[in-house]
Amino acid sequence: MLSIVRKAAKPASVSRLINHATVLRSVKPVTITAHRRYMDDAVKAEKETITKLLYNIGSRKEVEQYLRHFSSVESQKFAVIKVGGAVLTDELETLASALTFLNRVGLYPIVLHGAGPQLNKLLEEAKIEPQYEEGIRITDPQTLEIARKVFLAENTKLVDALERHGTRARPIPGGVFVADYLDKEKYGYVGQITSVNKDMIESSIRAGALPILTSLAETPTGQILNVNADVAAAELATVLEPLKIVFLNEKNGLYHGVTGKKIDVINLDEEYEDLLKEPWVKYGTKLKIRQCKELLDGLPRSSSVAIISAGHLHKELFTDSGAGTLIRRGHKLFKYDTLDQVDPDKIRRIMEAEDPSVQSGESSVASYLRSLQQKNVSIYTDEPGQVLAIVTKDPKDPSKPAVLEKLLTSKTAVLNNVPENLWSSIRKDNDSLTWSLDAKLKDGNLDPSWHFERADGSLKNQKDGSTTFFYGIQDTEKIRETLNNISSAKTPTGTRSYSTFQYMSRRGYASASGKAKNVGLIGARGYTGRELINLINNHPHLNLTHVSSRELEGKPLEGYSKADLTYCNLKPTDLKAQEEVDAWVLALPNGICSPFVNQITDDVKQGKSTEKVLVDLSADYRFDNTWTYGLPEFNRENIKGANRIANPGCYATGAQLSLRPLLPFFDEYSAPTVFGVSGYSGAGTKPSSKNDPEFLRDNIIPYSLTNHIHEREVSYQLGKTVNFIPHVASWFQGIALTVNVPLSKTMTGEDIKSIYEEFYKGEQLVKVLESGEPLVRDNAGKHYVRVGGFNVHPDGRRAVITTTIDNLLKGAATQAVQNLNISLGFDEYAGIPTN
């Protein structure tokens, strides 16, 4: 639904906010020796002052929330702002004030400007009529010469305006975009961007200056080409993946062609197809919406496009209400009218992650779900499980207002305005509604003002401090009756919970079906094979039907109590006959399993076998994009239903779990280093010095000091270079990792710890320590990873994290069972001891 009303905010101009703060810049230090300290204090005080002034346009919570959000990424990933040429002519000082404002709170937007109106004016004066083909300006040599002069002049004008405001800016009129001719015969000197050079942008930011770009591009041989500024901004955003892409225009957004009202929000996943069918969506509006869709489809879901005027830029960025038109992918919403329609484990996952009463033990998910069975219920949730709303109606009296019993939302969902989309659906389905907010939840993810602004009225309970809200109840007597009933009724435990913080919503999947699945194990002789057999023996939904080992062929399988099995020696061609098998686990050395994989694939193609789930524990397919990488904590959505899963390596699992939360804060110029020490079970059962207890006694052996397979695996999966130095020690199982991470920004140990706590909240197989460093002996035989340490160098730019993981369990067998569970549709942790 279009035109979702975003939260109203207090008006305030950017220039007025900046002027209030400039007094800090006018004060001079008293002595030379105190100059540096004074300037540092002045900059800090100025930032604090401007932050406080932001409270004039929104609540303190809103402002601080968005500041933290924008500051959580590298500087160049905050925002790309495209400035139309008309803005440079008509709103130059307003624009300079807005950009200065962002810079004073420590943000570095990347500004790219056009110059269309200015170019048209000079072409007219030169008596050159602009020519267009399919909306693209035809650029001949004379037009290009004028365009270059115009861009240089406008670029200098904006840089000068910023520096008059005391903001450092660097003109970058060229050198960023590399292009080829779009079609030289048809369009002349018009470019199609082929690559983006980030060096000049990053150099500007490192020097503390805002980068100011034009859309001029160059061929590899140096020929200047003209590129549409909107196109250039989209290409830049595709490379940088910023949180915000802002298109500044003088209209302050997109407008509905029939009502004439500004469109506040467009959720592309929900609205795109229907929106393009609207008769008023045509020409420039249709083109802009299509461009935004194409751009956002290639960016992280956290990215969004804002179309806004310069004067309202601060309000768009720092309030829930915004000011212009916000375009985002959003999340598809689902509505269920009975409990049978929705996976109860999905409700459980959200409630366990976001419901304080469940987390504190005051109530249980099971008891709450039972209470819903006697009510008419509507359940709303989104695709990734970041929001949940439960609305009930009295089956005996349909005339009573509906009751919003639960509204749970993660912080990530709030930052992406998902609750607004959810509320729109609830409001459309319910003419009248009541809901309550506990006093103790005033610090939840949704600001209390959010509830007041969506209600027609409210009543505070003086006994417990809770507030009851309502809308759509017109009759005064009915309002009194409704509020009295709610006030006198005892609030059901856990039915008024709104949220606690969760960094990312990522939990296990579950199946409503309890039908067991059969698993075959190829390579059952090794340590990992033995652990897999133990796990499957205690699994409620998995049965082991085949154990294959060349060395143990014909011997009885010991330690498996569900059935009497004998080791066999399966060949690749034997597998198609084993139709009862639903999944094969390949626990073979590196380079051995491809004949099995190829044979199964061919058998399926030829119709000789049904499709099977394959989980490969070797490194053979971890770099193959046709396989799904099986690290559930980061890739659950893709593992669900996958039939080719590459189980990560033991070191690689521990290293990624150690590094992933800090990925946005990696120093671009200095790679992290992982120092790993493993017990000798990691060297396998084939005799060698690395698994000889006598040789390892009082010893530690470094090996594969560069280019280890897990070094390549971690670097490949994270998209960043990571150094890895492995060692083997005298204990049997368990890995200790000491991880050194150079940081892109100054942080404290408490900052680091908070990031890990938030990132792994709700994860049952990752334990973040309150204090101290994890020990191998405490984690051996456990199915989870323990992360701790969280030390930071005194300069604040280097963090050290320590991690322990059992190489045979979470580093191999346990993770394989996680992947089987998710792929086959069971609860992710079924059969896995999580305590």
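Residues numbered from 1 in each chain as written. Predicted model: local features only at pLDDT ≥ 70, side-chain atom pairs only at ≥ 80, totals over all residues. Heavy atoms only, no water.

1. A word on the overall build of the protein chain
1) Next: Across its full length, the protein chain holds 30 helices and 34 strands.
2) Next: Burial status across the protein chain gives 54% buried among its 835 residues.
3) Next: Counting every atom, the protein chain has about 36,300 Å² of accessible surface; 49% of that belongs to carbon and sulfur. (Helix = DSSP H or I, 4+ residues; strand = E, 2+ residues; numbered from the N terminus. Buried < 20%, exposed > 50% of the residue type's maximum accessible area, 1.4 Å probe, protein only. Areas by Shrake-Rupley, 256 points an atom, 1.4 Å probe, with all protein chains shown as cover.)

2. A few points about the sheet that holds strand 16 (residues 376-382)
1) Next: In spatial order, the strands read 15-16-17-18-19-21-20; together these seven strands make up an open sheet with mixed pairing. Bordering the open sheet on either side are strand 15 (333-336) and strand 20 (457-460), each of which pairs with just one other strand. The average undirected angle you get between the axes of adjacent strands in this sheet is 20°.
2) Next: Each of strand 15, strand 16, strand 17 (387-393), strand 18 (402-409), strand 19 (433-437) and strand 21 (467-471) touches helix 19 (residues 418-429); the most contacted strand, strand 17, lies at about 15° to it. (Pairing = 2+ DSSP bridges. Axes fitted to C-alpha atoms, helices over the stretch in contact; angles between N-to-C directions. Contact = heavy atoms within 4.5 Å.)

3. Digging into unusual backbone geometry
1) Next: The phi torsion at Asn252 lies on the positive side, around 70°, for a residue other than glycine.
2) Next: Not every positive phi belongs to a glycine, and Asp698 is a case in point at roughly 55°.
3) Next: Among the structural elements, Asp698 can be located in the loop between helix 26 (693-696) and strand 29 (701-702).
4) Next: Given the relative accessible area of 79%, Asp698 is considered exposed.

4. Regarding the pairing of strand 13 (residues 304-308)
1) Next: Taken across its five residues, strand 13 has five buried, putting it largely inside the fold.
2) Next: Every second residue of strand 13 is oriented toward a common face, with Ser304, Ala306 and Ile308 on one face and Val305 and Ile307 on the other, all of them buried.
3) Next: Note that strand 11 (residues 244-248) and strand 13 share five bridges and pair parallel. Paired with Phe247 across the two strands is Ile307, which belongs to strand 13.
4) Next: Note that strand 13 and strand 14 (residues 325-328) share four bridges and pair antiparallel. Residue Ser304 lies in a different strand from strand 14, and its bridge partner there is Arg328.

5. Some points on the sheet that holds strand 32 (residues 766-768)
1) Next: Spatially, seven strands are ordered 29-30-28-31-34-33-32 in an open sheet, and the strand pairing comes out mixed. Unpaired on one side and paired on the other, strand 29 and strand 32 mark the two borders of the sheet.
2) Next: Strand direction decides the pairing type here: strand 31 (residues 735-742) and strand 34 (residues 798-805), joined by eight bridges, are antiparallel. Paired with Val739 across the strands is Ile801, a residue of strand 34.
3) Next: Relative to the sheet, helix 25 (residues 650-659) contacts strand 28 (673-678), strand 30 (723-728), strand 31, strand 32, strand 33 (785-792) and strand 34, its axis offset from that of strand 31 by approximately 40°.

6. Section: the confidence of the model for the protein chain
1) Next: Considering every residue of the protein chain, the mean pLDDT works out to 82; 83% of them sit at 70 or more.
2) Next: Every residue in residues 1-36 is under pLDDT 50, and counting partners more than four places away or in other chains gives 90 contacts.
3) Next: Contacts for the low-pLDDT stretch residues 42-47, under 50 throughout, to residues beyond four places or in other chains number seven contacts. (pLDDT = per-residue confidence, 0-100.)

7. A few points about the environment of Asp564
1) Next: Here Asp564 shows up in the loop between strand 23 (542-548) and strand 24 (583-586).
2) Next: Taking the C-alpha atoms as reference points, Asp564 and Thr545, 19 residues apart in sequence, are found 9.4 Å from one another.

8. Overview of the packing of aromatic side chains
1) Next: Inspection of every chain in the model, using the stated rule, returns 14 aromatic pairs.
2) Next: Plain terms: the ring middles of Trp423 and Trp435 are 5.1 Å apart, the flat faces sit at 65° to each other, and that makes the pair edge-to-face. Here Trp423 is found in helix 19, whereas its partner Trp435 is found in strand 19, with twelve residues between them in sequence. Both residues of the pair, Trp423 and Trp435, count as buried.
3) Next: Both rings, one in Phe759 and one in Tyr760, keep their centres 5.1 Å apart while their planes meet at 80°; by these two values the pair is edge-to-face. (Phe/Tyr/Trp six-rings, centres within 6.5 Å; stacked < 30°, edge-to-face > 60°.)

9. As for the side chain of Gln118
1) Next: Relative to the helices and strands, Gln118 resides in helix 7 (residues 116-125).
2) Next: We classify Gln118 as buried; its relative accessible area is 10%.
3) Next: Of note is the side chain of Gln118, whose polar atom sits 3.0 Å from the side chain of Glu154. (Polar contact = N/O pair within 3.5 Å; in protein donor to acceptor, adjacent residues only side chain to side chain.)

10. Some points on helix 17 (residues 365-372)
For the α-helix, the turn length of 3.6 residues means that residues three or four positions removed from each other point alike.
1) Next: If you check which residues of helix 17 are buried, you get Val365, Tyr368, Leu369 and Leu372. Taken down its axis, helix 17 places every buried residue within 100° of arc, on the same side.
2) Next: On its buried face, helix 17 sits against helix 15 (344-354), helix 16 (356-359), strand 16, strand 17 and strand 18. (Arc of directions from axis to C-beta.)

11. A closer look at the nonpolar core
1) Next: Formed by 53 residues in total, the largest nonpolar core has its most connected members in Ile81, Leu95, Phe177, Leu213, Leu236, Leu248 and Leu313.
2) Next: Ranked by residue count, the leading element in this core is helix 6 (residues 92-104), at seven residues.
3) Next: Setting aside chain neighbours within four positions, we find Leu95 in contact with Val83, Val87, Leu88, Leu158, Leu248 and Ala310.
4) Next: Counting residues in each nonpolar core, the second largest holds 40 residues, with Leu631, Leu657, Phe665 and Val722 among its members. (Core = buried A, V, L, I, M, F, W, Y, C linked by side-chain atoms within 4.5 Å.)

12. Some remarks on the environment of Gly191
1) Next: Secondary-structure assignment places Gly191 in strand 7 (residues 191-196).
2) Next: Residues Gly191 and Ile224, 33 residues apart in the sequence, show an inter-C-alpha distance of 8.5 Å.
3) Next: Not counting the four nearest positions on each side in its chain, Gly191 is found in contact with Ala179, Asp180, Leu182, Leu225, Asn226 and Val227.

13. A few points about the pairing of strand 8 (residues 210-214)
1) Next: Counting buried residues along strand 8, five of its five residues qualify, which places the element largely inside the surrounding structure.
2) Next: Neither face of strand 8 is left uncovered, since the one carrying Leu210, Ile212 and Thr214 and the one carrying Pro211 and Leu213 both have all their residues buried.
3) Next: With three bridges joining them, strand 2 (residues 110-113) and strand 8 adopt parallel strand pairing. The residue of strand 8 that forms the bridge with Leu112 is Leu213.
4) Next: Here strand 5 (residues 169-172) runs beside strand 8; their pairing, made up of four bridges, is parallel. Each residue of the ladder has a partner; that of Ile172, found in strand 8, is Leu213.

14. A short note on the pattern of salt bridges
Two side chains with opposite charge may pair up if their charged atoms get near one another.
1) Next: This structure, assessed with the given rule, holds 23 salt bridges.
2) Next: Two residues, Arg550 and Glu551, come together in a salt bridge whose shortest N-O distance is 3.5 Å.
3) Next: With a relative accessible area of 61%, Arg550 lands in the exposed category.
4) Next: When its relative accessible area of 43% is taken as the criterion, Glu551 is described as partly exposed.
5) Next: Connected through shared salt-bridge partners, Lys82, Asp230 and Lys288 make up one network. (Salt bridge = Lys/Arg side-chain N within 4 Å of Asp/Glu carboxyl O.)

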